[in-house]
Amino acid sequence: MHQCYYCDQIFDSKEDLYEHSEIHSDSERNNEIKDRQKKIKSKLGSKKKLLKKNRARVRINQI
Ligand SMILES: [Zn+2]
């Protein structure tokens, strides 16, 4: 078992830990990943809103 030096995550293989530790070693990259996750989350959020809008339209058409 290999535990990350920066956080409490545990990995079965050294390769996995090494790959993971890159997230911590490069703070710029880390911020990039966080930004991407934020963008993905906001995209998902806007998709949900669109779905609600479409549903509302369907309801209006049915009436
Ligand atoms: Zn970690």
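Residues numbered from 1 in each chain as written. Predicted model: local features only at pLDDT ≥ 70, side-chain atom pairs only at ≥ 80, totals over all residues.

1. Quick notes on the overall build of the protein
Consideration 1: For the protein, the count of helices and strands is two helices and two strands.
Consideration 2: Mapped in sequence order, the helices and strands of the protein form the string β-β-α-α.
Consideration 3: Over its C-alpha atoms the protein spans a radius of gyration of 20 Å, topping by over 25% the 11 Å that the globule rule assigns to 63 residues.
Consideration 4: Counting only C-alpha atoms, the protein reaches 60 × 25 × 15 Å along its principal axes.
Consideration 5: Sorting the 63 residues of the protein into buried and exposed places 0% on the buried side. (Helix = DSSP H or I, 4+ residues; strand = E, 2+ residues; numbered from the N terminus. Rg over C-alpha atoms; globule rule 2.2 N^0.38 Å. Buried ≥ 20, exposed ≤ 12 C-beta atoms within 10 Å, placed from the backbone.)

2. So, the environment of Asp-35
Consideration 1: Tracing the backbone shows Asp-35 in helix 2 (residues 27–62).
Consideration 2: Of the residues examined, Asp-35 has 10 C-beta atoms within 10 Å and is grouped as exposed.

3. Comments concerning the environment of Lys-34
Consideration 1: Within the secondary structure, Lys-34 sits in helix 2.
Consideration 2: In the structure, Lys-34 is positioned 21 residues away from Arg-55 in sequence and 32 Å away in space, judged by C-alpha atoms.

4. Quick look at the confidence of the model for the protein
Consideration 1: Within the protein, residue pLDDT values average 82, and 90% of them lie at 70 or more.
Consideration 2: Confidence scores differ between elements of the protein, with helix 2 showing the lowest mean pLDDT of 76 and strand 2 (residues 10–11) the highest of 95. (pLDDT = per-residue confidence, 0-100.)

5. Some details on helix 1 (residues 14–25)
Consideration 1: Counted at 1.5 Å a residue, the expected span for helix 1 with its 12 residues is 16 Å, and the 16 Å between its end C-alpha atoms agrees.
Consideration 2: When you tally the buried positions in helix 1, you get zero out of 12 residues, a small fraction of the element. (Expected span 1.5 Å × (residues − 1).)

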